[in-house]
Amino acid sequence: DMSDASADHFKGLAAQYTDAIRASDFKANIVMFFLSLTMGPIIFNRDKFPPFLTMPVLIAPFLVMFFCLFVALLPRSPKRGRANFYISGKATPADFLYRGPSNNEIPELRLRVAILSDILYWKTLCLRVAFFICIASVVVAALLLAIYAR
């Protein structure tokens with residue numbers, strides 16, 4: 001049946017997006033750990049940097065990276081599709097009763113895939129910004145230390 005094939009397609013897409021979101025969260029956690037390790041030596045060696053690089057200037061890239069990673073790790077509660085994606089702090093088993101086959105399963109699955117795609121887009125954007133700042137900051141810090149730490 002064509003609707004079963006379509007439903008299976010969208011279920012597979014939703015599963016792939018969910019896996020990609022989990023992988024994105026794992027990457028963000030790894031980068032947060034890396035940042036916590038690299039921030040210490042930079043602060044410890046602040047006297048070896050040029051005098052125009054004050055502590056707020058040295059810490060600014062780390063704060064931006066931590067903010068981006070924090071935003072990437074925030075759980076998303078989609079506003080669209082709430083009727084099909086119930087989120088509550090007081091949920092009961094009665095809120096999740098099976099009501100039989102749905103006539104509009106395909107539109108609901110398409111909406112779920114669109115929501116997951118939107119979540120993954122913003123997570124990926126925040127991760128890329130944080131990765132770029134992280135790599136650029138480490139390179140710049142290494143260069144500055146090599147030049148000015150004499």
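Preceding block: the structure.
A. Representation of the overall build of the protein chain within the structure. Helix and strand content of the protein chain: three helices and zero strands. In the protein chain, the succession of helices and strands from N to C terminus is α-α-α. Considering only C-alpha atoms, the protein chain reaches an extent of 75 × 35 × 20 Å along its principal axes. With 150 residues in all, the protein chain has 26% of them scored as buried. In the protein chain, the share of contacts with a sequence separation of at least 24, taken over all contacts with a separation of at least 6, comes to 85%. Within the structure as shown, the protein chain displays about 10400 Å² of accessible surface, and the carbon and sulfur contribution to it stands at 67%. Where the 16 positive side-chain charges of the protein chain centre and where its 10 negative ones centre are 13 Å apart.

B. Spatial organisation of the pattern of salt bridges. Counted according to the given criterion, the structure contains three salt bridges. Between Glu105 and Lys11 there is a salt bridge, and its shortest N-O distance comes to 3.4 Å. Taken together, the residues span a long stretch of sequence, with Glu105 in helix α3 (residues 105-148) and Lys11 in helix α1 (residues 2-44) at a distance of 94 residues. Overall, Lys11 belongs to the partly exposed group, its relative accessible area being 41%.

C. Expanded view of the packing of aromatic side chains. This model, assessed by the stated rule, comprises one aromatic pair. Pairing Tyr121 with Trp122 gives two aromatic rings, centres 5.0 Å apart and planes at 80 degrees, and the pair type is edge-to-face. Look at Trp122 and you get partly exposed, because its relative accessible area is 42%.

D. Broad picture of the nonpolar core. The biggest cluster of nonpolar side chains holds 21 residues, and the ones touching the most others in it are Leu35, Ile42, Phe49, Phe62, Met65 and Leu69. At the level of secondary structure, the elements contributing two or more residues to this core comprise α1, α2 (55-73) and α3. Apart from residues no more than four positions distant in its own chain, Phe49 is found in contact with Ile42, Leu58, Ala141, Leu144 and Leu145. Core analysis: the second largest hydrophobic core is formed by ten residues, Ala14, Ile21, Leu109 and Leu120 among them.

The rules behind each value
Here, residues in each chain are numbered from 1, in the same order as that chain's written sequence. In keeping with the model being predicted, local features are shown solely for residues with a pLDDT of at least 70 and side-chain atom pairs are shown and tallied solely at 80 or more, while totals for entire chains, interfaces and linings include all residues. To get the side-chain values, all heavy atoms of the structure are used, and hydrogens and water are removed first. Elements are defined by DSSP. Helices are runs of H or I of four residues or more, strands are runs of E of two residues or more, and each kind is numbered from the N terminus. Buried, partly exposed and exposed residues are distinguished by accessible area as a fraction of the type maximum, computed with a 1.4 Å probe on protein chains only: under 20%, between the cut-offs, and over 50%, respectively. The contact definition used throughout considers only heavy atoms, calling two residues in contact when any of these lie within 4.5 Å. Areas reported as accessible are Shrake-Rupley estimates using a 1.4 Å probe. Residue values count occlusion only from the protein chains shown. Neither His nor the chain termini are counted; the positive set is Lys and Arg, and the negative set is Asp and Glu. A single reference atom marks each charge: NZ on Lys, CZ on Arg, CG on Asp, CD on Glu. Whenever Lys or Arg places a side-chain nitrogen within 4 Å of a carboxyl oxygen from Asp or Glu, that contact is recorded as a salt bridge. Ring pairs are drawn from Phe, Tyr and Trp, using the six-membered ring of Trp, whenever the two centres fall within 6.5 Å, and their geometry is named by plane angle: stacked under 30 degrees, edge-to-face over 60, tilted for the rest. The nonpolar core is taken to be a set of buried Ala, Val, Leu, Ile, Met, Phe, Trp, Tyr and Cys residues, with the residues joined through side-chain atoms within 4.5 Å.

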